[in-house]
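Structure assessment
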Amino acid sequence: MRENVIEEREVMLDGRTVSLVMPCRNEASFLEVLIDEIPDFFDEIICVSNKSTDDTVEVGTRIQGRVPRFKMLQDNRTVNGIGYGYAHMTGIDAAESDIIVCADSDGTYPVEDVPRLWRMMQDKDISFVSCTRYPDKQIPAKLQLGVRALNIEIALLYGLRIHDSLSGMWIFTKDVVAQLHLTEGDWNLSPQIKLNAYEALGTKFKELKITQKMRYGETKQNYFKTGLRHLFWIARNRFVKRNGIQPCD
């Protein structure tokens, strides 16, 4: 782990500043290691704690004192005990850079690939990328089957053919944020941000392939329960749009 304080600077990516937004809950044991691994081309790192019951906020505050590009925020709102979506919305709203990258704070998403992905976005005139982990034989078969079922539902109801409806890594330009109309405070923000981006941006929405890495810590999800909630939400959302932020528990 690096002990030096990173000097304040503006690195940029092809002349544009880049923010990394990460929701987190109970990540105290490895948060410092994770932040020290984040590449220097990120001008801003925003970590948003949601209902952490360990020392995540304290560790984040300590990191903030030595890493000028790092910000530790909190949003403790939840829906049915889950605040993943609220944490993302708070981080996205706080991000100041030209390019916003969202990724989970468990180290599974290859944020070091952003320069490669950004060049592909520029070449193809893309404003929003959802990074697909599939196909990948290393991911458990049950999880792949569940995601495939949601992909089929989305294709049937929305006409969008997608490989990874539940990817938690997205790259988009700040100027499209207002068009995303995010409202879902729980895990359903993941399908919502993709569907809303597709609806608003059309051909400027694309998937690009990444390779998932080993996770720090344990997953916070019950995949079966979360999958069922996604299944019902995707169907309901097709016919009933939710236009406002929902109240917390």
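Model, not experiment: these values are computed from the prediction.

Reading the values: the criteria
- Residues numbered from 1 in each chain as written.
- Predicted model: local features only at pLDDT ≥ 70, side-chain atom pairs only at ≥ 80, totals over all residues.
- Heavy atoms only, no water.
- Salt bridge = Lys/Arg side-chain N within 4 Å of Asp/Glu carboxyl O.
- Helix = DSSP H or I, 4+ residues; strand = E, 2+ residues; numbered from the N terminus.
- Buried < 20%, exposed > 50% of the residue type's maximum accessible area, 1.4 Å probe, protein only.
- Contact = heavy atoms within 4.5 Å.
- Pairing = 2+ DSSP bridges.
- Right-handed = clockwise from strand over helix to strand, strands pointing away.

1. Looking at the pattern of salt bridges
Under the definition given, this model contains eleven salt bridges. Between Glu96 and Lys71 there is a salt bridge whose closest N-O contact spans 3.7 Å. With a gap of 25 residues between them, Glu96 in the loop between α3 (84-94) and β4 (99-102) and Lys71 in strand β3 (residues 70-74) connect regions that are remote in the sequence. Owing to a relative accessible area of 59%, Glu96 belongs among the exposed residues under this scheme. In this structure, Arg77 engages Asp75 in a salt bridge whose closest nitrogen and oxygen atoms are separated by 2.7 Å. Judged by its relative accessible area of 7%, Asp75 falls in the buried class. Connected through salt bridges with shared partners, the residues Glu32, Asp36, Arg62 and Arg66 form a single ionic network.

2. Some details on helix α2 (residues 56-66)
Quick reminder: α-helices carry 3.6 residues per turn. Residues three or four places apart thus point the same way. When α2 is considered as a whole, its buried residues turn out to be Thr56, Val57, Val59, Gly60, Ile63 and Arg66. Where α2 is buried, its residues meet β1 (18-24), α1 (31-37), β2 (44-49) and β3.

3. Digging into the pairing of β1
Most of β1 is tucked away, with seven of its seven residues classed as buried. Burial along β1 is two-sided: Val18, Leu20, Met22 and Cys24 and Ser19, Val21 and Pro23, pointing in opposite directions, are all buried. Summarising the sheet, β1 and β4 pair through four bridges and their orientation is parallel. The residue of β4 that forms the bridge with Val21 is Cys102. In this structure, β1 lies alongside β2, joined through six bridges in parallel fashion. Across the sheet, the residue bridging to Pro23 is Val48, located in β2. With respect to chirality, the unit in which β1 leads through α1 into the neighbouring parallel β2 is right-handed.

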